[in-house]
Amino acid sequence: MPSASLPRAVFAMDPVHLPLLFPDPLMARLRRTAEIDTGFVVRDFSDHAATTALADIEVLITGWGCPRLEAGIAASAPRLRAVLHAAGSVRSLVGEALWERGVTVSSAVTGNAVPVAEYTLAMILLAGKDVFAHRERFRRTHAQPTPAETSATGNFGRRVGVIGASRVGRRLLELLRPHNFDVLLHDPYVDAAEAAELGAQSVSLDDLLLRSDIVSLHAPDIPDTRHMLDHARLALIRDGGVLINTSRGALVDHAALTDELVSGRLHAVLDVTDPEPLPADSPLYRLPNVFLTPHIAGSLGNELERLGRIVVEELERLADGLPLAHEVRHADLASMA
Ligand SMILES: NC(=O)c1ccc[n+]([C@@H]2O[C@H](COP(=O)([O-])OP(=O)(O)OC[C@H]3O[C@@H](n4cnc5c(N)ncnc54)[C@H](O)[C@@H]3O)[C@@H](O)[C@H]2O)c1
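As a starting point, this report considers the structure included with it. Quick caveat, the model's predicted, so the values are computed rather than measured.

## Things to note about the overall build of the chain
Okay, step 1: A tally of helices and strands in the chain yields 13 helices and 12 strands.
Okay, step 2: With the principal axes as the frame, the chain shows a C-alpha extent of 75 × 45 × 35 Å.
Okay, step 3: Counting the 337 residues in the chain, one finds 49% classified as buried.
Okay, step 4: Taking the intrachain contacts of the chain between residues at least 6 apart in sequence as the baseline, contacts between residues at least 24 apart amount to 63%.
Okay, step 5: For the chain, the accessible surface area stands at approximately 15800 Å², while carbon and sulfur atoms represent 54% of it.
Okay, step 6: Counting 32 positive and 43 negative side-chain charges, the chain places the averaged centre of each group 4 Å from the other.

As structure tokens, then:
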């Protein structure tokens, strides 16, 4: 039985995620750390059971599907001191009232960055090896490529442009290190010295687009970044260049991108689009130079347990009176995903 001194916690999310976020051994560890009814999950903060549960809780464990935490929650949960989010961004989750009350907010966003960076590394390697084009050609010809058809193939010395030293961007930069890439970075918050420490050369956005073979977008969707790749910027990418977008569709002008892809001048790997999903008649579903996936780069399946672990470790720190390792500061929200 949990002792009375353990923090009282409640889950608030779509319950479908619970078994993958907290498989049995992790759920048992959670029960040793908090006083929690692991069979109860809040879906709607206005229902009677939720209001009763909130009255004496100190910790909300949230996840995808949790309603926005507005002023009413601050009132119904007077002892609430921490929101631990077992998912990514908290921007649309935590309302001003909780920030103003000084509730500590922590997110597993760093854990969610891991599979996005892995997906991106995989796509960079496949694109650099020209695997997508070779597959299309093989389907048509059933023949080995000629030396002329492979002259531009390969990852040795390939130049990769990373836009955004975000959590995903930083993890990707680590994953790129063991390979023979030449890495450029554009991030207005990162200077040349820090970029060099991250294994990249700091450059302007235009310079990155002009010089990269493969451009990978990892900036957040904020007013500054909307359509940061517009018609003029896309035109800077070299003929045959590859654009990888695992960030958000809004960063790219999709009318201009579609023109570039229909013309065959550029190649793209798109995990996110604008709109999402694309209309059924979008040519991007069928173009041979576009590799389109349905927003799967973030945590799925067994990758959710990584997020659950981060939350349980945060809860253990909280119970021991230690500082949290994944706290989100309100002041940073403006430049965050
Ligand atoms: N495809 C998916 O499943 C998936 C999953 C997770 C995250 N994402 C997306 O990946 C992107 C990165 O996520 P994150 O959690 O690592 O972000 P993050 O919150 O860590 O990004 C913030 C950082 O981005 C950088 N940045 C801010 N403005 C910039 C600009 N104008 N140009 C370049 N860099 C800028 C700064 O370094 C800032 O600290 C986001 O767009 C996010 O929505 C997608």
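## Remarks on the site of the ligand
Okay, step 1: Taken together, 29 residues lie around the ligand, and Arg167, Val168, Asp187, Ala219 and Gly298 are the ones closest in.
Okay, step 2: A distance of 3.0 Å separates a nitrogen atom of the ligand from a polar backbone atom of Thr246.
Okay, step 3: In the complex, 91% of the free accessible area of the ligand, which totals 870 Å², lies under the protein chains.
Okay, step 4: Going through the elements one at a time, helix H6 (109-128) and helix H8 (167-176) are the ones with two or more residues in the shell around the ligand.
Okay, step 5: Looking at the shell around the ligand, the element that brings in the most residues is H6, giving three residues.
Okay, step 6: The class makeup of the residues in the shell around the ligand is 14 nonpolar, 11 polar and four charged.

## A few points about the packing of H6 against H8
Okay, step 1: Between H6 and H8, the shortest axis-to-axis distance is 8 Å and the interhelical angle comes to 50°. Our classification of the angle between H6 and H8 gives oblique. Note on packing geometry: the crossing formed by H6 with H8 is right-handed. Contact with H6, carried on its side by Val109, Thr110, Ala113, Val114, Val116, Ala117, Glu118, Thr120, Leu121 and Ile124, involves Arg167, Val168, Arg171, Leu172, Leu175 and Leu176 of H8 and no other residues of that element.

## Some words on the environment of Leu300
Okay, step 1: Following the sequence through the fold, Leu300 ends up in the loop between strand S12 (290-292) and helix H13 (304-319).
Okay, step 2: The exposure class of Leu300 is partly exposed, given its relative accessible area of 44%.
Okay, step 3: Sequence separation of Leu300 and His17 is 283 residues, and the distance between their C-alpha atoms is 9.8 Å.

## Quick look at the pairing of strand S5 (residues 104-107)
Okay, step 1: As defined by bridge partners, strand S4 (residues 82-85) adjoins S5 across four bridges and the pair is classed as parallel. Residue pairing in the sheet places His85 in a bridge with Ser107 of S5.
Okay, step 2: This β-α-β element, S4 to helix H5 (residues 96-101) to S5, shows right-handed connectivity.

## Looking at the pairing of strand S7 (residues 182-186)
Okay, step 1: Burial runs high along S7: four of the five residues are buried.
Okay, step 2: Here five bridges tie strand S6 (residues 159-163) to S7, and the two strands are oriented parallel to one another. Paired with Arg159 across the two strands is Asp182, which belongs to S7.
Okay, step 3: Between the parallel pair S6 and S7, the chain is carried across by H8, and the sense of this crossover is right-handed.
Okay, step 4: Crossover connection from S7 via helix H9 (residues 192-197) to parallel strand S8 (residues 201-202): handedness right-handed.

Parameters at a glance
- Residue indices begin from 1 for each chain and proceed along its sequence in written order.
- Restriction of local features to residues with pLDDT of at least 70 applies here, the model being predicted, together with a cutoff of 80 or more for giving and counting side-chain atom pairs; totals for whole chains, interfaces and linings are based on all residues.
- Note that water and hydrogens are dropped before the side-chain values are worked out from all heavy atoms of the structure.
- Helix and strand assignments follow DSSP, with helices taken as H or I runs no shorter than four residues and strands as E runs no shorter than two, numbered in order from the N terminus.
- Accessible area is worked out with a 1.4 Å probe on protein chains only. A residue is then buried under 20% of its type maximum, exposed over 50%, and partly exposed in between.
- When checking whether two residues touch, look at their non-hydrogen atoms; a contact exists if any pair is within 4.5 Å.
- Note on areas: Shrake-Rupley with a 1.4 Å probe; residue coverage comes only from the protein chains shown.
- We score Asp and Glu as negative and Lys and Arg as positive, and we do not count His or the chain ends.
- For the purpose of locating charges, the reference atoms are NZ of Lys, CZ of Arg, CG of Asp and CD of Glu.
- Consider each residue's heavy atoms; a residue with any of them within 4 Å of a molecule or strand counts as near.
- What qualifies as a polar contact is a pair of N or O atoms within 3.5 Å, subject to a donor-acceptor requirement within protein and to the restriction that residues adjacent in sequence count only when both atoms come from side chains.
- When residues are grouped by polarity, Ala, Val, Leu, Ile, Met, Phe, Trp, Tyr, Cys and Pro land in nonpolar, Asp, Glu, Lys and Arg in charged, and all others, Gly among them, in polar.
- Here the axes come from fitting lines to C-alpha atoms, over the contacting stretch only for helices, and the angles between their N-to-C directions go from 0 to 180 degrees.
- Each angle receives one of four descriptions, namely roughly parallel if under 35 degrees, roughly antiparallel if over 145, roughly perpendicular if within 65 to 115, and oblique otherwise.
- The hand of a helix crossing depends on one turn: near helix anticlockwise from the far one by less than a right angle means left-handed, and clockwise means right-handed.
- The pairing criterion for strands is at least two bridges between them, as found by DSSP.
- A clockwise course of the path from the first strand over the helix to the second, judged with the strands pointing away from the viewer, identifies a crossover as right-handed.

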